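Chains, contacts and geometry: an overview
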Amino acid sequence: MTGEDLKELANRAVAEIGAAADEAALEAARVKYLGRKGALNEATKGIAKLPAAEKPGYGAALNEAKGRIEAALDERGAALRAKSLDRDLGAEREDMTLPPRRVRVGRLHPISQTVREVSRIFGSLGFETVEGPEIEWDYYAFEALNIPAGHPAREKWQTLWISNPLGDDPSRPLLGRPHTSPMQVRVMEKRKPPIRVVIPGRCYRYEATDAIRESIFFQYEGLAIDEKLTMADLKGTLYAFARQVFGSDRKIRFRIDYFPFTEPSAEIAFDCFACEGRDPECHVCGGDGWIEAAGCGMVHPDVLRRVGYDPSRYQGFAFGGGIERLAMLRTGAPDIRLFYQNDLRYLEQF
Ligand code: DAH
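The rules behind these values
- Residues numbered from 1 in each chain as written.
- Predicted model: local features only at pLDDT ≥ 70, side-chain atom pairs only at ≥ 80, totals over all residues.
- Heavy atoms only, no water.
- Pairing = 2+ DSSP bridges.
- Helix = DSSP H or I, 4+ residues; strand = E, 2+ residues; numbered from the N terminus.
- Buried < 20%, exposed > 50% of the residue type's maximum accessible area, 1.4 Å probe, protein only.
- Near = heavy atom within 4 Å.
- Polar contact = N/O pair within 3.5 Å; in protein donor to acceptor, adjacent residues only side chain to side chain.
- Areas by Shrake-Rupley, 256 points an atom, 1.4 Å probe, with all protein chains shown as cover.
- Nonpolar A, V, L, I, M, F, W, Y, C, P; charged D, E, K, R; others polar.
- Patch = residues over 30% accessible without salt bridge, like charges linked within 9 Å, V, L, I, M, F, W, Y side chains within 5 Å.
- Salt bridge = Lys/Arg side-chain N within 4 Å of Asp/Glu carboxyl O.
- Lys, Arg positive; Asp, Glu negative; His and termini not counted.
- Charge placed at Lys NZ, Arg CZ, Asp CG, Glu CD.

On to the sheet that holds strand β2 (residues 135–137), then. Taken in spatial order, the three strands of this open sheet run β2-β4-β3, and their pairing is antiparallel. Edge positions in the sheet fall to β2 and β3 (161–162), since each of these pairs with one other strand and no more. Bridge count between β3 and strand β4 (residues 174–176): two bridges; the pairing is antiparallel. Note on β4: the bridge partner recorded for tryptophan 161 is leucine 175.

Shown next, in the form of structure tokens:
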């Protein structure tokens, strides 16, 4: 074989490789020319019989032939792969019948919705929303509200006591607040009248859970302090609130009640928006015709005195009610526990 023959061999190989119709044909061409028993290896053996002067020229021709064949293999291989990819993609079909992947959009929990609704409504009546600590000193939760240690009214607000991380000081017990009323005292300590605030927030009680009670729940507290505030202002405020929550023809009932931190104290109920008192088996009011909603009253003079207000100059009213109770009425929830089981099938309805 001569260098010319090698050139010819490479020409044939390149042409054959360029014409390979698929990867199998290409592989066959590679074996035929570059394989262990391929044409190029055979040609290499011939080098031994050549005169010494021709060996370098022949070797160079061998290398060149090998390089051209390899380049042709690479090129054709890439072209064939691109072609088969095109074919695969072309054969694919979009399946328009597949349901789209669901996008889950979050929303406010019904309790958060109710908290905001309460803030919005009292805001429209001139009350500013304020928040306060859920972990509270015994002083604010009880003492400052006329409920000293040993007072029988403490029974009503049994709660969870907390060991103080700063070291237990028996004279300053800490607790999960059993109502939002301690914030009345905190706000009065910090501000001067006139005051109009509403305080929504989480509360804790030592309580067995049932359909209407949870040991963790939310309340809203209201406080107004000014000169010349009377029970009529209290009634008018809560009446306006009830009508905004439950409709413009709501009636409101005040009945005498007892709270140590208000005098006089009252309980407010709304007439039942579901049956208006006409259904003795109503699932909302239980046939009573009234829905108890909140406690309220005129702030006790001793509470005012304790924060340094002069009760002969300032009077005020306060009220406090349950957020879940309102949320249950707004949404028709039959059981308070539904709000806290985190079952999306329930919560997503609101
Ligand atoms: N804090 C009371 C409770 O948890 C409710 C209450 C009653 C709040 C009278 C008040 C009030 O502000 O004046 O049952």
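The structure having been displayed, the exposition proceeds.
On to unusual backbone geometry. Note that the residue after proline 193, namely proline 194, is joined by a cis bond; omega there is 5°. With respect to the helices and strands, the residue proline 194 is situated in the loop between α7 (182–190) and β5 (195–204). In the segment running from glutamate 263 into proline 264, the intervening peptide bond is cis, with an omega of -5°. The phi torsion at lysine 228 lies on the positive side, around 65°, for a residue other than glycine. Counting through the fold element by element, lysine 228 comes out in the loop between β6 (216–226) and α8 (231–246). Take lysine 228: its relative accessible area is 69%, and that puts it in the exposed class.

The next subject is the site of the ligand. Not every one of the 16 residues close to the ligand is listed here, only the nearest: His179, Ser181, Gln184, Gln219 and Glu221. The side chain of serine 181 places a nitrogen or oxygen atom 2.8 Å from a nitrogen atom of the ligand. In the environment of the ligand, an oxygen atom lies 2.9 Å from a nitrogen or oxygen atom belonging to the side chain of arginine 205. Isolated, the ligand exposes 350 Å² of accessible area, and the fraction of that covered by the protein chains is 94%. In terms of residue class, the shell around the ligand is built from six nonpolar, eight polar and two charged.

On the surface, a cluster of negative charge is contributed by Asp88, Glu92, Glu94 and Asp95. Summarising the element assignment, aspartate 88 is placed in helix α4 (residues 55–91).

The subject of this paragraph is the pairing of β6. The buried fraction of β6 is high, at nine of eleven residues. Here β5 runs beside β6; their pairing, made up of ten bridges, is antiparallel. Looking at the pairing, tyrosine 204 lines up with isoleucine 216 of β6. Summarising the sheet, β6 and strand β10 (residues 315–322) pair through eight bridges and their orientation is antiparallel.

With that settled, consider the pattern of salt bridges. Counted according to the given criterion, the structure contains 21 salt bridges. Across the pair arginine 30 and glutamate 27 runs a salt bridge whose closest N-O atoms are separated by 3.0 Å. Of the two residues, arginine 30 and glutamate 27 both sit in helix α2 (residues 23–34), three residues apart, roughly one turn of that helix. Measuring nitrogen to oxygen at the nearest pair gives 3.3 Å for the salt bridge that ties lysine 45 to glutamate 42. You can see lysine 45 and its partner glutamate 42 sitting in helix α3 (residues 39–45), three residues apart, about one turn around the helix. In this structure lysine 45 comes out as exposed when scored by relative accessible area, which is 56%. Since its relative accessible area comes to 42%, glutamate 42 is described here as partly exposed. Through salt bridges that share partners, Asp138, Glu143 and Arg154 make up one connected network.

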